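In case you want the letters, here they are:
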Amino acid sequence: VGTNLDVLSVDSDYDDLYITREILLAGYKPRVLITEYNINFGSEWAVSTIAKPVGKEEKVFWQNDCYFGASALAMIYLTQAFGYIPVFSNHVN
């Protein structure tokens, strides 16, 4: 897979911010980047779940509650650092 992609969608139900960051740091440059965000964190805070501990990733996962992913503002700040701008949000998964 080349690093220049047309579309990349990241939806991991927990580590969306960290996975997106690592993909972009690895040099992947999708023309369109789709990410999930957690509406429960609100729109005024740039927050995310704590990263899973290295080597224990399989022990930390979404518990069907409101603690998952990152806020929209956190995703915006991250992606803006790589030259992306938000163009749409539907507030619903």
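In this report, the structure presented in the accompanying data block is examined. (Residues numbered from 1 in each chain as written. Predicted model: local features only at pLDDT ≥ 70, side-chain atom pairs only at ≥ 80, totals over all residues. Heavy atoms only, no water.)

## Notes on the overall build of the chain
Here's step 1: Looking only at helices and strands, the chain has 2 helices and 2 strands in total.
Here's step 2: By the compact-globule yardstick of 12 Å for 93 residues, the chain fits well, its C-alpha radius of gyration being 13 Å.
Here's step 3: Taking the principal axes of its C-alpha atoms as reference, the chain extends roughly 35 × 30 × 20 Å.
Here's step 4: Relative to its full complement of 93 residues, the chain shows a buried share of 28%.
Here's step 5: Residue pairs at least 24 apart in sequence account for 76% of intrachain contacts in the chain once pairs closer than 6 positions are excluded.
Here's step 6: As displayed, the chain has an accessible area near 6500 Å², and 58% of this comes from carbon and sulfur atoms.
Here's step 7: Side chains of the chain give 6 positive and 11 negative charges; the mean places of these two sets differ by 8 Å. (Helix = DSSP H or I, 4+ residues; strand = E, 2+ residues; numbered from the N terminus. Rg over C-alpha atoms; globule rule 2.2 N^0.38 Å. Buried < 20%, exposed > 50% of the residue type's maximum accessible area, 1.4 Å probe, protein only. Contact = heavy atoms within 4.5 Å. Areas by Shrake-Rupley, 256 points an atom, 1.4 Å probe, with all protein chains shown as cover. Lys, Arg positive; Asp, Glu negative; His and termini not counted. Charge placed at Lys NZ, Arg CZ, Asp CG, Glu CD.)

## Quick look at the packing of helix H1 (residues 16-25) against helix H2 (residues 72-80)
Any two packed helices are characterised by how steeply their axes cross, that is the angle between the axes, and by the distance between the axes.
Here's step 1: The interhelical angle for the contact between H1 and H2, taken along N-to-C directions, is 10°, at an axis separation of 11 Å. Viewed along their axes, H1 and H2 adopt a mutual orientation that is roughly parallel. Here Asp16, Leu17, Thr20 and Arg21 of H1 lie close against H2, whose contacting residues are Ala74, Met75 and Leu78.
Here's step 2: Looking at the contact of H1 with H2, its residues break down into 4 nonpolar, 1 polar and 2 charged. (Axes fitted to C-alpha atoms, helices over the stretch in contact; angles between N-to-C directions. Parallel < 35°, antiparallel > 145°, perpendicular 65-115°, else oblique. Nonpolar A, V, L, I, M, F, W, Y, C, P; charged D, E, K, R; others polar.)

## Some remarks on the layout of surface pockets
Here's step 1: Taken as a whole, the largest pocket holds about 950 Å³ of empty space.
Here's step 2: Along the wall of the largest pocket there are 32 residues; nearest its centre are Thr35, Glu36, Tyr37, Phe88 and Ser89.
Here's step 3: Contributions of two or more residues to the lining of the largest pocket are made by strand E1 (7-10), strand E2 (32-35) and H2.
Here's step 4: The class makeup of the residues in the lining of the largest pocket is 17 nonpolar, 11 polar and 4 charged. (1 Å grid on protein atoms, 1.4 Å probe; cavity = no way out; pocket = protein on both sides within 12 Å on 5 of 7 lines; lining within 4 Å. Points joined across faces, edges and corners; volume = space filled by probe spheres on them.)

## Section: the pairing of E2
Here's step 1: In this sheet, E2 lies alongside E1 in parallel orientation, the contact comprising 4 bridges. Paired with Ser9 across the two strands is Ile34, which belongs to E2.
Here's step 2: Taken together, E1, H1 and E2 constitute a β-α-β crossover, and its handedness is right-handed. (Pairing = 2+ DSSP bridges. Right-handed = clockwise from strand over helix to strand, strands pointing away.)

## Concerning H1
Here's step 1: Asp16, Leu17, Thr20 and Leu24 are the residues of H1 that are buried. Along H1, the residues classed as buried sweep out an arc of 95° about the axis, all on the same side.
Here's step 2: Among the structural elements, E1, E2 and H2 are those in contact with the buried residues of H1. (Arc of directions from axis to C-beta.)

## A few points about H2
Here's step 1: Buried within H2 are the following residues: Ala72, Leu73, Ala74, Met75, Leu78 and Thr79.
Here's step 2: Here the buried face of H2 lies against H1 and E2.

On their own, these measurements won't tell you what the molecule is for.
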